Amino acid sequence: MEHRTVGSTGLSVGVIGLGTEHLDGQPYAVVEETIHAALDHGVDFMDVFMPGETVRRNIGRALAGRRDRVKIQGHIGSVDLREQYDISRDPAICRTYFENLLRDLNTDYIDFGMLFFVETERDYSETFESEILEYAQTLKSKGVIRSIGASSHNPVTARRIAESGVVDLLMFSINPAFDLMPSDTEITAMLNDPARQLSGFSPERAELYRICEQRGVAISVMKTLGAGKLLSQDHTPFARPLTVTQCIHYALTRPAVVSALIGCRSRTQVEEAVGYLDSSAAERDYTPVISERRHDFRGDCVYCGHCRPCPVGIDVAAVNKYLDIASLNPGEIPPGTRHHYRALEHHASECTGCGSCERRCPFGVPVIRNLRLAAELFGE
């Protein structure tokens with residue numbers, strides 16, 4: 001396993017980490033097989049954001065006797081009130097769930113205490129300017145957590161987090177589809193010019209990565225595979241699918257990134273992910289794929305945000321992103337995806353059909369139709 005140092009913490013993590021979301025709802029045998037396979041292959045970094053007691057206890061059971069071999073991201077604010085994934089900014093509730101996490105994992109410390117799902121200015125205020133941050137800092141002073149981090153999908157808010165001086169680690173969603181932004185310049189030309197390798201990508205995201213690198217804030221990557229979308233011929237926005245290895249390499253070549261967390265629920269999936277370590281330069285090269293834009297992305301949402309602003313405040317790009325992820329397996333929407341959609345301030349059902357988003361979309365995405373599908377799929 002290759003390792004990278006997390007900022008100024010003195011801690012290092014493997015470049016391939018394990019995302020455990022897909023272990024939720026699985027029998028213990030699956031959890032044990034997956035986690036043991038990861039540890040056997042040198043994976044020593046794991047994210048546990050799910051608030052459910054059963055999956056946490058199963059993970060803790062699988063780690064029995066091997067807890068010291070893995071560094072864990074545990075989240076402050078991830079709860080399942082009313083037996084549904086939820087976010088809480090109530091200090092007492094956050095404390096209860098974090099203490100339960102320690103109990104369920106059968107450990108007395110968490111390596112990275114992550115302030116959970118900080119997406120908006122309000123989220124930032126309610127987390128970083130409140131008793132929740134004070135709680136995290138108290139945990140750190142007592143050695144219950146070794147370092148403070150935060151998770152976000154919003155590059156503007158994430159930048160504010162990185163500039164706060166509080167966190168050592170940012171969990172952020174990175175893959176070519178999320179990063180890429182339409183441009184008149186050919187992508188291959190941009191990628192072949194080191195001085196402009198991020199030109200043509202979302203400027204907010206490119207700036208975030210650079211700021212994290214400058215300030216010593218490490219990034220752990222979620223959504224490395226785009227929930228499988230980038231691996232699928234039917235769903236990729238490119239002319240052909242990327243491979244797991246190409247997706248991992250893309251993430252690991254962004255500034256400040258220390259680890260790509262790959263969601264697995266079998267030994268085979270773990271082995272496919274760690275196969276990156278033995279891959280050749282040719283196998284890692286993602287540029288031939290992302291330079292072959294299928295129909296110039298006609299009809300495909302690349303989450304660029306050109307559809308903004310929506311008159312009723314819907315984050316159309318985010319809705320499309322969650323719809324795309326959910327559409328891969330409509331009968332089995334990942335709980336985290338459903339949770340993230342529900343956390344949006346405005347939902348697809350609020351669409352008035354005015355068409356302002358479609359008029360601004362450079363790729364002819366049928367936004368109104370997509371919003372109707374999202375409202376049906378997510379139920380709001």
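This text goes with the structure placed above it.
Now for a description of the structure that goes with this document. Nothing here was measured: the structure is a model prediction, and the numbers come from that model. (Residues numbered from 1 in each chain as written. Predicted model: local features only at pLDDT ≥ 70, side-chain atom pairs only at ≥ 80, totals over all residues. Heavy atoms only, no water.)

### Quick word on the overall build of the chain
Here is step 1: Scanning the chain from terminus to terminus reveals 17 helices and 12 strands.
Here is step 2: Per-residue burial for the chain yields a buried fraction of 57% across its 380 residues. (Helix = DSSP H or I, 4+ residues; strand = E, 2+ residues; numbered from the N terminus. Buried < 20%, exposed > 50% of the residue type's maximum accessible area, 1.4 Å probe, protein only.)

### Describing the packing of aromatic side chains
Here is step 1: Applying the stated criterion to the full structure yields eight aromatic pairs.
Here is step 2: The interplanar angle of 35° and the centroid separation of 5.9 Å between the aromatic rings of F116 and F117 together place this pair among those described as tilted.
Here is step 3: What makes F116 buried here is its relative accessible area of 3%.
Here is step 4: A network of ring pairs unites the aromatic residues F49, F116 and F117 as a single cluster.
Here is step 5: Between the NZ or CZ atom of R67 and the centre of the ring of Y109, over which it lies, the distance is 4.1 Å.
Here is step 6: Lying across the ring of Y135, R95 places its NZ or CZ 5.1 Å from the centre. (Phe/Tyr/Trp six-rings, centres within 6.5 Å; stacked < 30°, edge-to-face > 60°. Lys NZ or Arg CZ within 6 Å of the ring centre and 35° of its normal.)

### Notes on the nonpolar core
Here is a general trend for soluble globular proteins: nonpolar side chains tend to be buried in one another's company.
Here is step 1: In this structure, I35, I59 and F98 are the most contacted members of the largest nonpolar core, which totals 84 residues.
Here is step 2: With seven residues, the single largest contributor to this core is helix α1 (residues 28–40).
Here is step 3: Among all residues touching I59, those that are not within four sequence positions of it are T20, V31, I35, M46, V48, M50 and L105.
Here is step 4: I314, V319, A326 and I333 belong to the second-largest nonpolar core, a separate cluster that totals 22 residues. (Core = buried A, V, L, I, M, F, W, Y, C linked by side-chain atoms within 4.5 Å. Contact = heavy atoms within 4.5 Å.)

### Overview of the pattern of salt bridges
Here is step 1: Taken as a whole and judged by the stated rule, the model has 14 salt bridges.
Here is step 2: In this structure, D104 engages R103 in a salt bridge whose closest nitrogen and oxygen atoms are separated by 2.9 Å.
Here is step 3: For D104, a relative accessible area of 6% puts it in the buried group.
Here is step 4: A salt bridge links R146 to D111, with the nearest nitrogen and oxygen atoms 3.3 Å apart. Of this pair, R146 sits in strand β9 (residues 145–152) while D111 sits in strand β8 (residues 110–115), placing them 35 residues apart in sequence. (Salt bridge = Lys/Arg side-chain N within 4 Å of Asp/Glu carboxyl O.)

### Re empty space enclosed by the protein
Here is step 1: Counted by the stated rule, this structure contains four cavities of 30 Å³ or more.
Here is step 2: Its boundaries defined by the atoms lining it, the second largest cavity holds a volume of some 80 Å³.
Here is step 3: Lining of the second largest cavity is provided by 13 residues; of these, C310, P311, C351, C354 and C357 occupy positions nearest its centre.
Here is step 4: Secondary structure elements with two or more residues in the lining of the second largest cavity: α16 (356–360) and α17 (367–378).
Here is step 5: Tallied by class, residues from the lining of the second largest cavity come to nine nonpolar, four polar and no charged. (1 Å grid on protein atoms, 1.4 Å probe; cavity = no way out; pocket = protein on both sides within 12 Å on 5 of 7 lines; lining within 4 Å. Points joined across faces, edges and corners; volume = space filled by probe spheres on them. Nonpolar A, V, L, I, M, F, W, Y, C, P; charged D, E, K, R; others polar.)

### Notes on the layout of surface pockets
Here is step 1: Here the second largest pocket is characterised by a volume of approximately 970 Å³.
Here is step 2: In terms of lining, the second largest pocket is formed by 42 residues, of which the most central are E21, H22, A227, G263 and P334.
Here is step 3: Elements with a contribution of two residues or more to the lining of the second largest pocket: β12 (257–263), α11 (267–274), α14 (316–327) and α15 (335–343).
Here is step 4: The biggest single contributor to the lining of the second largest pocket is α15, with four residues.

### Some words on the pairing of strand β4 (residues 45–48)
Here is step 1: Of the two faces of β4, the one lined by F45 and D47 and the one lined by M46 and V48 are each fully buried.
Here is step 2: Here two bridges tie strand β3 (residues 16–19) to β4, and the two strands are oriented parallel to one another. Residue pairing across strands places L18 opposite M46, the latter belonging to β4.
Here is step 3: Taking the sense of rotation as the criterion, the β-α-β connection linking β3, α1 and β4 turns out right-handed.
Here is step 4: Pairing of β4 with strand β5 (residues 71–76) involves four bridges; the strand directions are parallel. Bridge pairing in β5 links M46 to I72.
Here is step 5: Crossover connection from β4 via helix α2 (residues 53–62) to parallel β5: handedness right-handed. (Pairing = 2+ DSSP bridges. Right-handed = clockwise from strand over helix to strand, strands pointing away.)

### Considering the side chain of H249
Here is step 1: As for its placement among the helices and strands, H249 is situated in helix α10 (residues 244–252).
Here is step 2: A distance of 2.7 Å separates polar atoms of two side chains, one belonging to H249 and the other to Y276.
Here is step 3: What H249 contacts, discounting residues up to four positions off in sequence, is Y276, R284 and Y286. (Polar contact = N/O pair within 3.5 Å; in protein donor to acceptor, adjacent residues only side chain to side chain.)

### Brief notes about the environment of G149
Here is step 1: Mapped onto the fold, G149 is located in strand β9.
Here is step 2: Sequence-wise, G149 and I76 are 73 residues apart; in three dimensions their C-alpha atoms are separated by 9.8 Å.

### Points about the sheet that holds β12
Here is step 1: Pairing within the closed barrel is parallel, and its eight strands lie in the order β3-β4-β5-β8-β9-β10-β11-β12. Sheet twist, expressed as the average angle between the axes of neighbouring strands with direction ignored, equals 30°.
Here is step 2: Contacts from helix α5 (residues 131–142) reach β5, β8 and β9 within the one sheet, and its direction differs from that of β9 by about 150°. (Axes fitted to C-alpha atoms, helices over the stretch in contact; angles between N-to-C directions.)

### Comments concerning the pairing of β8
On a regular strand, one side chain projects to one face of the sheet and the next to the other, so that they alternate.
Here is step 1: Burial analysis of β8 places six of its six residues in the buried class, the great majority of the element.
Here is step 2: Bridge count for β5 against β8 is four bridges, and the pairing is parallel. In the sheet register, I76 faces β8, and the bridge partner there is L115.
Here is step 3: In this sheet, β9 lies alongside β8 in parallel orientation, the contact comprising five bridges. The residue bridging L115 from the neighbouring strand is A150, located in β9.

### Considering the packing of helix α6 (residues 155–163) against helix α9 (residues 203–215)
Here is step 1: Two elements in contact, α6 and α9, have axes whose closest approach is 9 Å; the angle formed by their N-to-C orientations is 15°. For the element pair α6 / α9, the angle class is roughly parallel. Both α6 and α9 take part in a crossing whose hand is left-handed. Across the interface between the two elements, P155, V156, A158, R159, A162 and E163 from α6 touch E204, R205, E207, L208, I211, C212 and R215 from α9.
Here is step 2: Of the residues contributing to the contact of α6 with α9, the split by class is seven nonpolar, no polar and six charged. (Parallel < 35°, antiparallel > 145°, perpendicular 65-115°, else oblique. Left-handed = near helix turned anticlockwise from the far one by under 90°.)

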